[in-house]
Amino acid sequence: MRKVAVVGMGHVGATVAHYLVSGGFTDELALYDTNQAKVEADALDLRDAMANLPFHTVLTVNDDSQLRDCDVVVSALGKSKLVDTPDHDRFAEFKFTRTQVPLVAKKLVDNGFHGMLVDVTNPCDVITSMYQKLTGLPKNHVMGTGTLLDSARMRACVGDALHVDSRSVVGFNLGEHGNSQFTAWSTVRVLGKRVLDLAKERNLDLADLEERARQGGYMVYKGKKYTNYGVATAAVRLTNALLSDARTEMPVSNYREEYGTYLSYPAVVGRDGVMEQLHLDLTPAEEEKLRTSANYIKDRLKKEEARSLAAEAEN
Ligand SMILES: NC(=O)c1ccc[n+]([C@@H]2O[C@H](COP(=O)([O-])OP(=O)(O)OC[C@H]3O[C@@H](n4cnc5c(N)ncnc54)[C@H](O)[C@@H]3O)[C@@H](O)[C@H]2O)c1
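Positions within a chain are numbered from 1, following the residues in the order the chain's sequence is written. Local features in this predicted model are restricted to residues whose pLDDT is 70 or higher, and side-chain atom pairs enter the listing and the counts only when it is 80 or higher, whereas totals over whole chains, interfaces and linings include all residues. To obtain the side-chain values, all non-hydrogen atoms of the structure were included, while hydrogens and water were left out.

Novice: Whenever I open this one, the domain arrangement of the protein confuses me. Can you help?
Specialist: The extent of an interface is frequently quoted as the accessible surface area lost upon association of the parts. According to the domain assignment, the protein consists of domain 1 (3-144) and domain 2 (148-298). The split of the chain into domains comes from an automatic or database domain assignment. Here the C-alpha centre of domain 2 lies 22 Å away from the C-alpha centre of domain 1. Each partner contributes to the interface: domain 1 provides 38 residues, whereas domain 2 provides 38 residues. For any pair of parts, buried area is found by adding up, for both, the accessible area (1.4 Å probe) each one loses once the two are put together. Buried area between domain 1 and domain 2, both sides added, is near 3200 Å², and the carbon and sulfur share of it is 63%. Contact between two residues is taken to exist if any of their heavy atoms lie within 4.5 Å; hydrogens are not considered.

Novice: Where do I start with the pattern of salt bridges in this structure?
Specialist: Where charged atoms from two side chains of opposite charge come close, those side chains can pair. Counted as salt bridges are all cases of a side-chain nitrogen of Lys or Arg within 4 Å of a carboxyl oxygen of Asp or Glu. Overall, the coordinates contain 18 salt bridges when judged by the stated rule. The salt bridge partner of D27 is R2, with a shortest N-O separation of 3.2 Å. Of this pair, D27 sits in the loop between α1 (11-23) and β2 (28-32) while R2 sits in the segment before β1 (3-7), and the two are 25 residues apart along the sequence. On the accessibility criterion, R2 (29% relative accessible area) is partly exposed. Taken together, the shared-partner salt bridges connect K3, E28 and D69 into one network. The secondary structure listing takes helices from DSSP runs of H or I that are at least 4 residues long and strands from runs of E that are at least 2 residues long, numbered from the N terminus. We call a residue buried when its accessible area falls under 20% of the maximum for its residue type, exposed when it is over 50%, and partly exposed in between, using a 1.4 Å probe and counting protein chains only.

Novice: I tried to follow helix α7 (residues 206-214) on my own but got confused; where do I start?
Specialist: Within an α-helix, residues lying three or four positions from one another point in the same direction, as the helix has 3.6 residues per turn. Among all positions in α7, only L206, L209, E210, A213 and R214 are buried. Buried positions in α7, seen along its axis, are confined to an arc of 135 degrees and lie on one side of it. Residues of α7 that are buried make contact with α5 (148-162), β7 (170-174), β8 (182-190), α6 (195-202) and α8 (216-224). Any pair of N or O atoms that falls within 3.5 Å is considered a polar contact. Within protein, one atom must be able to donate a hydrogen and the other to accept it, and sequence-neighbouring residues count only if both atoms are side-chain atoms. Sitting at the head of α7, D205 places a side-chain oxygen 3.3 Å from the backbone nitrogen of A207. In this description, the arc belongs to the directions extending from the helix axis to the C-beta atoms.

Novice: How do you make sense of unusual backbone geometry when you look at a structure like this?
Specialist: Between N122 and P123 the backbone carries a cis peptide bond, its omega angle lying at -5 degrees. Positionally, P123 belongs in the loop between β5 (116-119) and α4 (124-135). In the Ramachandran plot, H163 falls in the positive-phi region, its phi being about 60 degrees despite a non-glycine side chain. Residue class for H163 comes out exposed when judged on its relative accessible area of 72%. The phi torsion at D245 lies on the positive side, around 50 degrees, for a residue other than glycine. Of note, D245 is situated in the loop between α9 (229-243) and β10 (248-256). Assessed through its relative accessible area of 36%, D245 is described here as partly exposed.

What follows is the structure, given as C-alpha cells:
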C-alpha cells in the first residue's frame, strides 16, 4: 500500500492531490489544511472525480493519526499571495511559513512520521532545511522540489527555441530555488550535442534563455497570482520516484555537505530518499555561481531570522 499526505491544500496542494488521485499514484491520500472547509470540499470534489477514474484512492481529512505510516509527506502550505512583490522574492513568504513549519514538523514528530518529506513550501531550500532540523529525520529523507521546476522551465525554453520536446533536453538549473539560481549550461544536451556547441550553430542566445527560465515563475504568477501545474508535476514526479524506488537522477534540493546547506544539485532518488549525490564536472565559473547561490541561501536565512526575531520582540 502506498500512502501519501499533502499538507496545505491551496493552489499547489490541491493540484498535487488531483494529479496523485487521477494518476492512481497512491492507494491512500491524507489531506491537511488549517482551512477545514476548504480541505473538506476538496476531498468531496476528489471523491466525485473517482467514479470516472480507473483507480480508487482512500481519502482522509485532517486526521493526524494517518501520518504515522505515510510513505511521503508533501508540504505545500503557505500564503502565496505574499510573493506578490516587484522582484517575486520567495523570501517574502518566510514571515508566514517560518511560523507554520514548526507546527507541522511537531505534528509529524508527535504522530511518529518516519517516511520521506518533500517540501514545496517557499523559500524552498530554507524551509527544507527547517523541516529536517525540526523533525530530526535523516538529511537524505528530506528533500525540496528545488530546481526540478526551474530545470523544467529551462528545458522548455531550450526546447521551444530548437523546436523539440522539452523532454529531449537534458540538463540542470542549480542552486537556490530563487533568484540566485543559474543554468549550468555545461550540463545541457539536446539533439545529441552540448547546447554550448549548438548555440553557436543555431544562433541561440543562452543568456536570454537562462533569464526566461529564471523568470518563468514570475511570468505565470503575474497572470494568475499563483503557480501550480509546473510545481505540482515536479512534486508528484519526485514523490513517485520515492514510492517506486525509481533511482532517478533529478535536480532536487538536497543537503550538500561541501556547501553547508540544502540546495539543488542532481541526486539519485529512490525508496531511501537521496541515495547518491552526483559530482558534476562544472566549469570554474559555474562552481563560483553555485558557491554564490549557497552563500546567498545561508546569508539570507540568517538575516530573515534576525529580522523576524526582532519583529516578534517588538510586538
Ligand atoms: N517550490 C516551488 O517550486 C514552488 C512553486 C510554487 C509555489 N510554491 C510554494 O508553495 C506553497 C503553496 O502555494 P499555494 O499557491 O498553494 O499557496 P496558497 O496560499 O494558495 O495555499 C496555501 C494553503 O496552505 C494552508 N496552510 C497554511 N498553514 C497551514 C498549516 N500550518 N497546516 C496546513 N495547511 C496550512 C492554507 O490554509 C492554504 O490553503 C507556497 O509556499 C508557495 O510559495 C513553491
